[in-house]
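Inside the fold
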Amino acid sequence: MDARFTAEQDEIRRAVRELLRGRCGPEESRRAVDTPAGHDPALWTALAEQLGLPGLALPEKYGGVGCSVTELALACEETGRVLAPTPLLGTAVLVAPLVLALGTERQRADLLPRMASGALTATLAAPPGAALGLTGDNRAEWAGGGRAGGVQARPSGGAGGGAGGGAVASPRSAGATLGGPGGAPAARPSAAAEGVEAPVVVAGPRAAGAALGGPGGAPAAGPSAAAEGAGAPGAPQSSRAAEGAGPSVAPQSSRSAAAASAPQPSPVERSLPEEQPHAPGWRLYGEVDQVLDGHSADLLLVAAHAGGFARSRTLLFLVPGDAPGLVRTRQRALDATRPQARVQLRDVEAELLGDDDGADVLEALARTGDTAAGVLACEAVGAADRVLEMTVEYVKQREQFGRPVGSFQAVKHRLADVYVQLQAARSAAYFAAWAAVHDERRIGGLALAQALEALHTAAAEGIQLHGGIGFTWEHEAQRYFKRAAADELLFGPAHRLRAHAADAALLFERAEVSV
């Protein structure tokens with residue numbers, strides 16, 4: 001590893017620092033967090049258009065700059081110095097890498113260029129520490145685990161699965177037949193298991209809406225067959241009649257009878273765009289707290305549990321910020337520069353990220369979590385560096401007993417300890433940012449733990465050495481202390497970050513020692 005910055009990296013740091021110095025001072029930052037969005041749209045536009053910051057780590061193919069996460073982390077060190085309230089963390093650090101890793105080519109081409117330009121802001125709706133695998137194995141039950149709680153995902157009744165209309169043709173859409181959104185049992189669950197396409201069952205008003213119209217308003221496939229008690233398309237009608245397993249459907253109207261003679265498109269074909277005619281729809285139920293910028297993000301990437309106990313898995317879904325049934329409530333956060341919201345999903349229609357629900361979503365979340373930890377570590381180092389700088393300037397000016405308080409040995413030693421701790425954290429943060437690109441080892445959590453402790457110490461000493469003014473709301477020192485405490489609550493705390501790293505490295509595993 002070459003610890004020296006390249007000329008390009010130096011220029012990125014300088015450009016970001018200069019822009020923030022003129023547009024994100026203490027007063028501007030305080031005004032921005034008091035707005036409904038929680039950030040300054042003009043500053044965000046400047047960061048995107050003048051510096052290309054949201055797309056710094058995205059490929060040029062998708063409108064990005066083509067740099068790596070290392071450069072993005074160094075830029076975030078500068079945003080951390082001024083505690084800039086921007087949607088950069090959610091958009092560029094959390095969501096964009098997941099879309100790049102798991103999204104289809106159509107989703108990447110649609111979303112990533114808009115994220116890179118700053119036109120689209122996004123956030124990850126999931127518990128940060130648990131979902132990203134920073135404080136423990138993210139295969140735990142943080143997404144609901146099949147029980148009540150978290151966010152649950154179910155296939156839409158009107159979307160079905162595959163290209164077979166309203167029939168269940170794969171395990172992915174089996175939930176619509178076996179349980180459906182209305183919770184009604186299927187008439188013949190064995191039909192799907194035997195490879196026979198089963199018709200959509202209507203057992204109540206909610207299920208009837210899915211079968212007759214579905215969420216997209218598309219008519220159910222094969223209404224004439226259902227009215228005559230026939231089996232699904234392709235199934236022998238004699239066996240269906242012998243078993244008497246005709247589906248329970250609502251009486252056919254004259255309009256339905258007239259339409260039965262014409263070929264009917266499947267619900268999937270009617271409810272989805274032409275470029276994805278066979279993608280099944282999903283509906284989300286549940287609630288997520290502490291969603292960064294969740295009240296203002298244009299797009300939410302929601303981690304939800306699907307499959308219950310039979311086929312338990314965690315999937316990622318794209319939900320527009322204005323989706324029907326989505327309720328977003330801004331919460332009072334400890335650190336106002338990191339606005340948070342409670343997100344409630346009440347039967348919200350969502351699009352699956354990617355085209356394969358067998359993708360290893362948890363592994364992708366863990367990789368993103370390690371990268372995000374490295375970026376956050378650099379951000380914390382920038383904040384600690386700034387608060388130390390403010391404290392040193394102050395103790396040089398404040399006089400006590402006829403001399404600057406900074407000349408007293410006790411004050412010198414305290415600030416020297418902060419400096420040493422800061423430099424150690426900076427080395428760890430830079431290495432984590434470099435390793436995110438060049439090394440397979442995941443060390444972001446360790447770097448984040450060290451950086452958060454350094455920021456906590458620097459902010460606490462800054463408050464103490466500023467005397468009475470350091471405790472006031474008007475002073476900047478308390479804002480840095482809140483950043484340290486809030487990040488520990490969101491992504492830590494430090495001892496759990498270290499404990500998880502030790503467990504992952506099998507540091508305390510017992511092993512027999514031969515003598």
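Residues numbered from 1 in each chain as written. Predicted model: local features only at pLDDT ≥ 70, side-chain atom pairs only at ≥ 80, totals over all residues. Heavy atoms only, no water.

1. Points about the overall build of the chain
- Helix and strand content of the chain: 19 helices and nine strands.
- Counting across all 515 residues of the chain, residues that qualify as buried make up 50%.
- Surface summary for the chain: the accessible area is close to 23400 Å², and the carbon and sulfur share equals 53%. (Helix = DSSP H or I, 4+ residues; strand = E, 2+ residues; numbered from the N terminus. Buried < 20%, exposed > 50% of the residue type's maximum accessible area, 1.4 Å probe, protein only. Areas by Shrake-Rupley, 256 points an atom, 1.4 Å probe, with all protein chains shown as cover.)

2. Considerations on the nonpolar core
- Membership of the largest hydrophobic core comes to 96 residues, with the highest contact counts inside it found for Leu20, Met115, Leu124, Leu301, Leu316, Leu365 and Phe491.
- When residues in this core are grouped by element, the largest group, 18 residues, is from helix H15 (residues 361-397).
- Those residues in contact with leucine 20 that lie beyond four places of it in its chain are Gly25, Leu43, Leu47, Glu78, Thr79, Val82 and Ala84. (Core = buried A, V, L, I, M, F, W, Y, C linked by side-chain atoms within 4.5 Å. Contact = heavy atoms within 4.5 Å.)

3. Focus: the confidence of the model for the chain
- In this model, the chain carries an average pLDDT of 79, and 72% of its residues clear a pLDDT of 70 or more.
- Note on residues 158-278: pLDDT is under 50 here. Beyond four places in sequence and across chains, it has 141 contacts. (pLDDT = per-residue confidence, 0-100.)

4. Quick word on the state of the cysteines
- For the structure on display, the rule yields zero disulfides.
- Cysteine 76 forms no disulfide, and the closest cysteine sulfur to it belongs to cysteine 378, at a distance of 8.1 Å. (Disulfide = S-S within 2.5 Å.)

5. What about the pairing of strand S5 (residues 313-320)?
- The buried fraction of S5 amounts to seven of the eight residues, a majority that puts the element mostly inside the structure.
- As paired elements, strand S4 (residues 299-306) and S5 share eight bridges and run antiparallel to each other. In the sheet register, histidine 305 faces S5, and the bridge partner there is threonine 314.
- The sheet contact formed by S5 and strand S7 (residues 340-352) spans two bridges and is antiparallel. (Pairing = 2+ DSSP bridges.)

6. Focus: the pattern of salt bridges
- Inspection of the entire model under this criterion finds 28 salt bridges.
- Between glutamate 363 and arginine 367 there is a salt bridge, with its nearest N and O atoms 3.8 Å apart. Of this pair, glutamate 363 and arginine 367 both sit in helix H15, separated by four residues, roughly a single helical turn.
- A relative accessible area of 27% means that glutamate 363 is categorised as partly exposed.
- Taking the shortest distance from any N to any O, the salt bridge between arginine 498 and glutamate 453 comes out at 2.9 Å. Of this pair, arginine 498 sits in helix H19 (residues 494-504) while glutamate 453 sits in helix H17 (residues 444-465), and the two are 45 residues apart along the sequence.
- Classification of glutamate 453 as partly exposed rests on a relative accessible area of 31%. (Salt bridge = Lys/Arg side-chain N within 4 Å of Asp/Glu carboxyl O.)

7. Description of the packing of helix H4 (residues 69-81) against helix H16 (residues 409-438)
- Where H4 contacts H16, the axes come no closer than 7 Å and their chain directions differ by 150°. Comparing the axis directions of H4 and H16 gives the class roughly antiparallel. Together, Val69, Thr70, Ala73, Leu74 and Glu77 of H4 and Arg426, Tyr430, Ala433, Trp434, Ala436 and Val437 of H16 make up the contact between the two elements.
- The residue inventory of the contact of H4 with H16, partitioned by class, reads eight nonpolar, one polar and two charged. (Axes fitted to C-alpha atoms, helices over the stretch in contact; angles between N-to-C directions. Parallel < 35°, antiparallel > 145°, perpendicular 65-115°, else oblique. Nonpolar A, V, L, I, M, F, W, Y, C, P; charged D, E, K, R; others polar.)

8. Side note on the packing of helix H1 (residues 7-23) against helix H3 (residues 41-51)
- Close contact between H1 and H3 brings their axes to 11 Å; oriented N to C, the two are set at 155°. Between H1 and H3, the angle is such that the two are roughly antiparallel. Relative to H3, the crossing made by H1 is right-handed. Contacts between H1 and H3 pair Ala15, Val16, Leu19, Leu20 and Arg23 from the former with Ala42, Leu43, Ala46, Leu47, Gln50 and Leu51 from the latter.
- Of the residues contributing to the contact of H1 with H3, the split by class is nine nonpolar, one polar and one charged. (Left-handed = near helix turned anticlockwise from the far one by under 90°.)

9. Considering the side chain of glutamine 344
- As for its position among the elements, glutamine 344 is in strand S7.
- Of the polar contacts made by the side chain of glutamine 344, one reaches the side chain of arginine 346; its length is 2.8 Å.
- Ignoring anything within four residues of it in the chain, the contact list for glutamine 344 reads Gly286, Glu287, Gly325, Leu326 and Val327. (Polar contact = N/O pair within 3.5 Å; in protein donor to acceptor, adjacent residues only side chain to side chain.)

10. Some thoughts on H15
- Between its first and last C-alpha, H15 extends 54 Å over 37 residues, near the 54 Å set by a 1.5 Å rise per residue.
- Burial of H15 is extensive: 28 of the 37 residues sit out of reach of the surface. (Expected span 1.5 Å × (residues − 1).)

11. Thoughts on unusual backbone geometry
- Across the junction of glycine 492 and proline 493, the peptide omega takes the value 5°, indicating a cis bond.
- With respect to the helices and strands, proline 493 occurs in the loop between helix H18 (477-491) and H19.
- The phi angle at leucine 83 is positive, at roughly 50°, despite the residue not being glycine.
- Looking at the element boundaries, leucine 83 is found in the loop between H4 and helix H5 (88-102).
- At aspartate 347, a residue that is not glycine, the phi angle is positive and equals roughly 60°.
- Here aspartate 347 is to be found in strand S7.
- We classify aspartate 347 as partly exposed; its relative accessible area is 26%.

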